[in-house]
Amino acid sequence: MVLNYVIKYAATNTYENFVDEALWQFLIAPLNAKSQQVISSEFKNSLHIPVEKSINGYGFETFRVHPKKRFKSIDFEAEFHVIKDQFNPFEKTSDHSIEEEISELNSLNFKVEHSAFLKPTTLTKLPVSHEIDFVYDEEVSIFENLKNLNKWIFDIFSFKTDVTDVDTDLDMILEEKQGVCQDFTHLFCAIARSYRIPTRYISGYLHQGNGYFGDSQMHAWAEAFIPGCGWVGFDPTNNLIAAENHIKVADGKDYSDCPPIKGIVYTSGKNHTKYSVEVHAQQNAQQ
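> Whenever I open this one, the nonpolar core confuses me. Can you help?
The tendency in soluble globular proteins is for nonpolar side chains to be buried as a group. Judged by nonpolar contacts, the single largest core of 38 residues is most densely connected at Trp-24, Phe-26, Ile-28, Phe-80 and Tyr-205. Contributions of two or more residues to this core are made by β1 (2-19), β2 (21-26), β5 (61-65), β6 (71-85), β9 (199-206), β13 (246-252) and β15 (271-284). With 7 residues, the top contributor of residues to this core is β1. If near-sequence neighbours (up to four positions away) are discounted, Ile-28 is found in contact with Tyr-9, Phe-43, Phe-63, Ala-78, Phe-80, Tyr-205, Met-218, Val-249 and Pro-260. Membership of the second largest hydrophobic core comes to 30 residues, among which are Tyr-136, Ala-192, Ile-226 and Val-232.

> What exactly am I supposed to notice about the environment of Val-140 here?
Tracing the chain through its elements places Val-140 in the loop between α2 (108-113) and α3 (142-156). The class for Val-140 is partly exposed, based on a relative accessible area of 27%. Spatially, the C-alpha atom of Val-140 lies 21 Å from that of Lys-111, the residues being 29 residues apart in sequence. If we skip the residues at most four places from it in the chain, Val-140 touches Ile-98 and Asn-145.

> Sorry, what's going on with the sheet that holds strand β14 (residues 261-266) here?
Paired through backbone hydrogen bonds, the strands of a sheet run either parallel or antiparallel to each other. The strand order across the open sheet formed by 4 strands is β4-β5-β2-β14, and the pairing between neighbours is antiparallel. Two strands lie at the open edges of the sheet, namely β4 (51-55) and β14, each paired on one side alone. Each strand axis lies, on average, 15° off the axis of its neighbour in the sheet, ignoring direction. Taken together, the 5 bridges between β4 and β5 define a ladder with antiparallel strand orientation. Its bridge partner lying in β5, Val-51 is registered against Val-65.

> How do you make sense of the pattern of salt bridges when you look at a structure like this?
Where charged atoms of side chains with opposite charge meet at close range, the side chains can pair. One pass over the structure, following the stated rule, counts 8 salt bridges. With its nearest N and O atoms 2.9 Å apart, the salt bridge here joins Asp-257 to Lys-253. Among the charged side chains, a salt-bridge network with shared partners connects Arg-200, Glu-223, Lys-248 and Asp-251.

> Help me understand the packing of aromatic side chains, please; the structure alone is not making it clear to me.
Any two aromatic rings considered together are summarised by their centre-to-centre distance and by the angle between their planes. Under the definition given, this model contains 21 aromatic pairs. A centroid spacing of 6.1 Å and a plane angle of 50° characterise the contact between Phe-143 and Phe-234, whose relative ring orientation is tilted. With a gap of 91 residues between them, Phe-143 in helix α3 and Phe-234 in strand β11 (residues 230-235) connect regions that are remote in the sequence. One aromatic cluster in this structure is built from Tyr-9, Tyr-15, Trp-24, Phe-26, Phe-43, Phe-63, Phe-71, Phe-76, Phe-80 and Tyr-275. Note that Lys-72 overlies the ring of Phe-18, its terminal NZ or CZ placed 5.1 Å from the centroid. Stacked on the ring of Trp-231, the Lys or Arg Arg-200 has its end atom at 3.8 Å from the ring centre.

> Just checking my understanding: could you explain helix α5 (residues 181-194) for this structure?
Given 3.6 residues per helical turn, the α-helix brings residues three or four places apart onto the same face. For α5, with 14 residues, the first-to-last C-alpha span of 20 Å sits near the 20 Å given by 1.5 Å per residue. With 13 of its 14 residues buried, α5 lies for the most part within the structure. Arg-196 sits one or two residues past α5 and shows a positive phi near 70°.

> When you look at the sheet that holds strand β10 (residues 219-226) in this model, what are you seeing that I'm missing?
Spatial strand order, β12-β11-β10-β9-β13: 5 strands in an open sheet with antiparallel pairing. The open sheet has two free edges, formed respectively by β12 (240-241) and β13, since each of these has just one partner strand. Judged from the 5 bridges that link them, β10 and β11 form a sheet pairing that is antiparallel. The residue bridging Ala-222 from the neighbouring strand is Phe-234, located in β11. Each of β9, β10 and β11 is contacted by α5, which is oriented at about 155° to β9, the strand it contacts most.

Reading guide: rules and limits
Residues numbered from 1 in each chain as written. Predicted model: local features only at pLDDT ≥ 70, side-chain atom pairs only at ≥ 80, totals over all residues. Heavy atoms only, no water. Core = buried A, V, L, I, M, F, W, Y, C linked by side-chain atoms within 4.5 Å. Buried < 20%, exposed > 50% of the residue type's maximum accessible area, 1.4 Å probe, protein only. Helix = DSSP H or I, 4+ residues; strand = E, 2+ residues; numbered from the N terminus. Contact = heavy atoms within 4.5 Å. Pairing = 2+ DSSP bridges. Axes fitted to C-alpha atoms, helices over the stretch in contact; angles between N-to-C directions. Salt bridge = Lys/Arg side-chain N within 4 Å of Asp/Glu carboxyl O. Phe/Tyr/Trp six-rings, centres within 6.5 Å; stacked < 30°, edge-to-face > 60°. Lys NZ or Arg CZ within 6 Å of the ring centre and 35° of its normal. Expected span 1.5 Å × (residues − 1).

So this is what it looks like as structure tokens:
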């Protein structure tokens, strides 16, 4: 079976005074990958400014908008049609023994190949001021340990909006025990990397029809590389193994590598931005 997704993204930017010039880059297009196929992609704006498609430095498609006339308000709309395979994520487990997994994690070639996703970043650095009481069990597989980590974050931390922002570090998350998907993903990456497991931050969309927690804009989860298995997605916000409900857009070392939008706006006074994301799914029989 496959799921046929329709994703609608909308944003409205309003400004107190005229904007003289602006440049935005949107990283919101679903990734064309083995498990998901983009059937159609549309991105437009209310000022009818030409949209430039490009590939960023990490290999992901972006939309660039550069207005050449003054304005006080601009709307952005995107619609994507994606087909995603249904699969059982628990079938994607390693056939390596625990000893073989540890041996590969410790090998020089493995560390060099995955070095970008083994190092702590500003947003994934574990503070020394907080003790992490998650315990890695060396008697079970990496997959089982990461499932346990997923559940530990889900059980200990509460989903709550408007208490953190994109620059919030793990010190505050560990202190307050609450936050949103990007915060829990940063924590998952930090702890997994501390056990020498390559882990990357994923930006994408979540089908919330099943009652899952997620942001009103875009969702975040982690992917960890398990020897003998490959990259496996973990969603600590919902204690899920990422599967057909997760639609990937991009990955990076942390949020700063794959923000949905970034840009420069030349204006003065107050401004307001409103976002919304809708993800609809229809189940179809496999052709």
